[in-house]
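For reference, the chains in residue letters:
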Amino acid sequence: MSVLPLVFTSGWASGINAYAAVLLLGLLGAAGVTDEVPEALQRTDVLVAAGVLFLCEAVADKIPYVDSVWDSVHTVIRPVAGAVVAALLAGESGSLPEITAGAVGGTTALMSHLVKAGTRMAVNTSPEPFSNAAVSTAEDVGATGILAFALFHPLAAAIIAATLLALGIVALFLLASRIRRFRRRRAQRREERRLAETVRPPSRPPTRPPE
């Protein structure tokens, strides 16, 4: 069971930014920094694909409302990535069944993804756009930093990841009312615009003067 803390942390990081997690693990493994990374994550095609997608996410994740759309698209991608990475890590170590590791990694990735997506919805209620970039940067730096730390101190990193996940769940419950109010205001504004367009008289073409 020695790989379980690393599996948990990799799942948590994948739920925040799956491409960054895959890219970081692959680069550290390819550079020979650690022997914990399986060969499948060190392949050149995997690193290139993860790098390109990471750059796309680095841009989309910092734009208000675009980040929430991006999160919606990745509701399936991040948990699947977390499960795959966890299964590969377990297969490399041989100390945990791959199916069990995939279940742990995928579930943890789903939970951290939901916390991230909900937090972003709350951040989008603020009128200024700079908080999105700040939160996105903090998420990426924190997730990759703790994941790198997990390769050398897996238990300590897992405790940190579990604590952050628990705090995120609590914060999400506290922010739920704010998110609901924001959604109601947006729905009301859309309805008002729709009604205004419905009652607006149709424009008439200009009449030509008699010859």
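One can find the structure itself at the top, above this paragraph.
For the rest of this paragraph, the subject is the environment of H74. Checked against the element boundaries, H74 lands in helix 3 (residues 66-93). Note: C-alpha distance between H74 and G15 (59 residues apart in sequence) is 9.0 Å. Ignoring anything within four residues of it in the chain, the contact list for H74 reads Y19, E57, P79 and H113.

Relative to the elements of secondary structure, T34 occurs in the loop between helix 1 (4-30) and helix 2 (44-60). Polar contacts involving the side chain of T34 include one to the main-chain amide nitrogen of E36, which spans 3.1 Å. Ignoring anything within four residues of it in the chain, the contact list for T34 reads L28, G29 and L151.

So, on to the pattern of salt bridges. Throughout the structure, instances matching the rule amount to 9 salt bridges. For R78, the salt bridge goes to D71, with nearest N and O atoms at 2.9 Å. Both residues of the pair, R78 and D71, count as buried. The partner of R120 in a salt bridge is E139, with the nearest N and O atoms 2.9 Å apart. On the criterion of sequence distance, the pair formed by R120 in helix 4 (residues 98-123) and E139 in helix 5 (residues 130-150) is long-range, its members being 19 residues apart. Grouping residues by exposure puts R120 and E139 together as buried. Residues participating in the shared-partner salt-bridge network are E57, D61, D67, D71, R78, K116, R120 and E139.

Its place among the elements puts V135 in helix 5. Between the alpha carbons of V135 and V123 there is a distance of 8.4 Å; along the sequence they are 12 residues apart. Not counting residues within four places of it along the chain, the set of residues in contact with V135 comprises R120 and V123.

A word on the packing of helix 1 against helix 5. Where helix 1 contacts helix 5, the two axes come as close as 8 Å, and the packing angle between them is 85°. The orientation of helix 1 relative to helix 5 falls into the category roughly perpendicular. Across the interface between the two elements, L6, T9, S10, W12, A13, I16, N17, A20, A21, L24, L25 and L28 of helix 1 pack against E139, D140, G142, A143, T144, I146, L147, A148 and A150 of helix 5. Looking at the contact of helix 1 with helix 5 residue by residue, the class counts come to 14 nonpolar, 5 polar and 2 charged.

What follows deals with the nonpolar core. Residues W12 and L25 are the most contacted members of the largest nonpolar core, which totals 33 residues. Taken together, the elements giving at least two residues each to this core come down to helix 1, helix 2, helix 3, helix 4, helix 5 and helix 6 (154-199).

A separate point is a nonpolar patch on the surface. Residues F149, I160, L164 and L167 make up a contiguous nonpolar surface patch of roughly 340 Å² in combined accessible area. At 3 residues, the largest contribution of residues to the nonpolar patch is made by helix 6. Relative to the helices and strands, F149 resides in helix 5.

Right, let's get into a negative patch on the surface. Side chains of D35, E36, E39 and E92 sit close together on the surface and give a patch of like negative charge. For E92, the location among the structural elements is in helix 3. Judged by relative accessible area, which is 41%, E92 ranks as partly exposed.

Thresholds applied
- Residues numbered from 1 in each chain as written.
- Predicted model: local features only at pLDDT ≥ 70, side-chain atom pairs only at ≥ 80, totals over all residues.
- Heavy atoms only, no water.
- Helix = DSSP H or I, 4+ residues; strand = E, 2+ residues; numbered from the N terminus.
- Contact = heavy atoms within 4.5 Å.
- Polar contact = N/O pair within 3.5 Å; in protein donor to acceptor, adjacent residues only side chain to side chain.
- Salt bridge = Lys/Arg side-chain N within 4 Å of Asp/Glu carboxyl O.
- Buried < 20%, exposed > 50% of the residue type's maximum accessible area, 1.4 Å probe, protein only.
- Axes fitted to C-alpha atoms, helices over the stretch in contact; angles between N-to-C directions.
- Parallel < 35°, antiparallel > 145°, perpendicular 65-115°, else oblique.
- Nonpolar A, V, L, I, M, F, W, Y, C, P; charged D, E, K, R; others polar.
- Core = buried A, V, L, I, M, F, W, Y, C linked by side-chain atoms within 4.5 Å.
- Patch = residues over 30% accessible without salt bridge, like charges linked within 9 Å, V, L, I, M, F, W, Y side chains within 5 Å.
- Areas by Shrake-Rupley, 256 points an atom, 1.4 Å probe, with all protein chains shown as cover.
- Lys, Arg positive; Asp, Glu negative; His and termini not counted.
- Charge placed at Lys NZ, Arg CZ, Asp CG, Glu CD.

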